[in-house]
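As a plain string of letters, each chain reads:
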Amino acid sequence: MPEYNIPRQLSRITKTQKLSALGITAVAGAATLAMSLTPVSADTTVAQPALTPAAFTTLTSEIPAQRASISQQHGAAEEAARQAAAAEAKKKAEAKKKAEAKKKAEAAKKKAEAERQAKAERAKKAAASRAAERAKPAYANNLDGWIRESLDIMKAKGIPGTYHGIHRNIIRESSGNPNAINNWDINARNGVPSIGLLQVIKPTFDAYHVEGTKHSQWDPVANIVAACNYAADRYGSIDNVFGAY
């Protein structure tokens, strides 16, 4: 087995220098201090090159650049993350804006549809009202017309009575004069004179007034209908009345 003699120069390297050399090798990972040992005979020594600080200086000078590169990479990563977060926030904001716009559009559409339906309903009611007015029979502005109009209203409201029964009582009470008034009986003395075709006093008229007719004792139709409503309540029908009631 050959023997190897370590040169005197290398043998004189201090412990600190050895550690420095090892540190250089660990940091750089590329520079290695090659120390070749040449096999020699027992009495022969081969001189090897002495270790210099040049490699260490080169490696340590690269450290700031490496640190700067790492810092730049870290900064670039942070900037990329910030931009990604900003893009995501923008995307969410746009999605929210679109959702709100869609919601407003749907609400406006519903409102417009509701208004359209309401308008159509109003138009329908107005048309029905006009049709009803046109379909309404024309009543003569006389005793016959007043009785016939009253009978149609009474029929719609479920109030009994006949043309003959109404006509008979009107002739007895007012002779067919819608402006007739009794200013001498007990009712007149009490401040509530009998008025109209069927001589109705104000409290009775108010109590038995039928919706759809005028609120006036002097109106011939309102007077007849209210009197017949009262007679139906008290006597069963105006047909059953043959005297003062």
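Residues numbered from 1 in each chain as written. Predicted model: local features only at pLDDT ≥ 70, side-chain atom pairs only at ≥ 80, totals over all residues. Heavy atoms only, no water.

With that settled, consider the packing of aromatic side chains. Applying the stated rule across the entire model yields two aromatic pairs. Here the aromatic rings of Tyr208 and Tyr230 are separated by 5.4 Å at their centres, their planes lie at 70°, and the arrangement is edge-to-face. Placement of Tyr208 in helix 7 (residues 202-208) and of Tyr230 in helix 8 (residues 220-235) is noted, with a sequence separation of 22 residues between them. What links up through ring pairs into an aromatic cluster is the set Tyr208, Tyr230 and Tyr245. (Phe/Tyr/Trp six-rings, centres within 6.5 Å; stacked < 30°, edge-to-face > 60°. Helix = DSSP H or I, 4+ residues; strand = E, 2+ residues; numbered from the N terminus.)

With respect to the element layout, His209 can be found in the loop between helix 7 and helix 8. Polar side-chain contacts of His209 include one of 3.0 Å to the backbone oxygen of Thr213. A polar contact of 3.2 Å, which involves the side chain of His209, links it to the backbone oxygen of Lys214. (Polar contact = N/O pair within 3.5 Å; in protein donor to acceptor, adjacent residues only side chain to side chain.)

Glancing now at the packing of helix 4 (residues 143-157) against helix 5 (residues 163-174). Two elements in contact, helix 4 and helix 5, have axes whose closest approach is 10 Å; the angle formed by their N-to-C orientations is 130°. Our classification of the angle between helix 4 and helix 5 gives oblique. The way helix 4 lies across helix 5 gives a crossing that is right-handed. Between helix 4, through Leu143, Asp144, Ile147, Arg148, Leu151 and Met154, and helix 5, the contact on the second element is made entirely by Tyr163, Ile166, His167, Ile170 and Ile171. Of the residues that constitute the contact of helix 4 with helix 5, the class distribution is eight nonpolar, one polar and two charged. (Axes fitted to C-alpha atoms, helices over the stretch in contact; angles between N-to-C directions. Parallel < 35°, antiparallel > 145°, perpendicular 65-115°, else oblique. Left-handed = near helix turned anticlockwise from the far one by under 90°. Contact = heavy atoms within 4.5 Å. Nonpolar A, V, L, I, M, F, W, Y, C, P; charged D, E, K, R; others polar.)

In this model, Ser175 sits at a positive phi of 60°, which is unusual for a non-glycine residue. The residue Ser175 is located in the loop between helix 5 and strand 1 (181-182) in this model. Here Ser175 falls in the exposed class, since its relative accessible area comes to 63%. (Buried < 20%, exposed > 50% of the residue type's maximum accessible area, 1.4 Å probe, protein only.)

This part covers the confidence of the model for the protein. For the protein, per-residue confidence averages 81 on the pLDDT scale, and 75% of positions sit at 70 or higher. Mean pLDDT across the secondary structure elements of the protein bottoms out at helix 2 (residues 15-28), with 42, and peaks at helix 8, with 98. Predicted confidence for residues 1-47 stays below pLDDT 50, and this span has 36 contacts to residues more than four positions away or in other chains. (pLDDT = per-residue confidence, 0-100.)

So, on to the packing of helix 4 against helix 8. Where helix 4 meets helix 8, the closest approach of the two axes is 9 Å, and the angle between their N-to-C directions is 50°. Judged by the angle between their axes, helix 4 and helix 8 are oblique. Where helix 4 crosses over helix 8, the two elements pack in a sense that is right-handed. Side by side, helix 4 and helix 8 meet where Trp146, Ile147, Glu149, Ser150, Ile153 and Met154 of the first sit next to Pro220, Val221, Ile224, Val225 and Cys228 of the second. Looking at the contact of helix 4 with helix 8 residue by residue, the class counts come to nine nonpolar, one polar and one charged.

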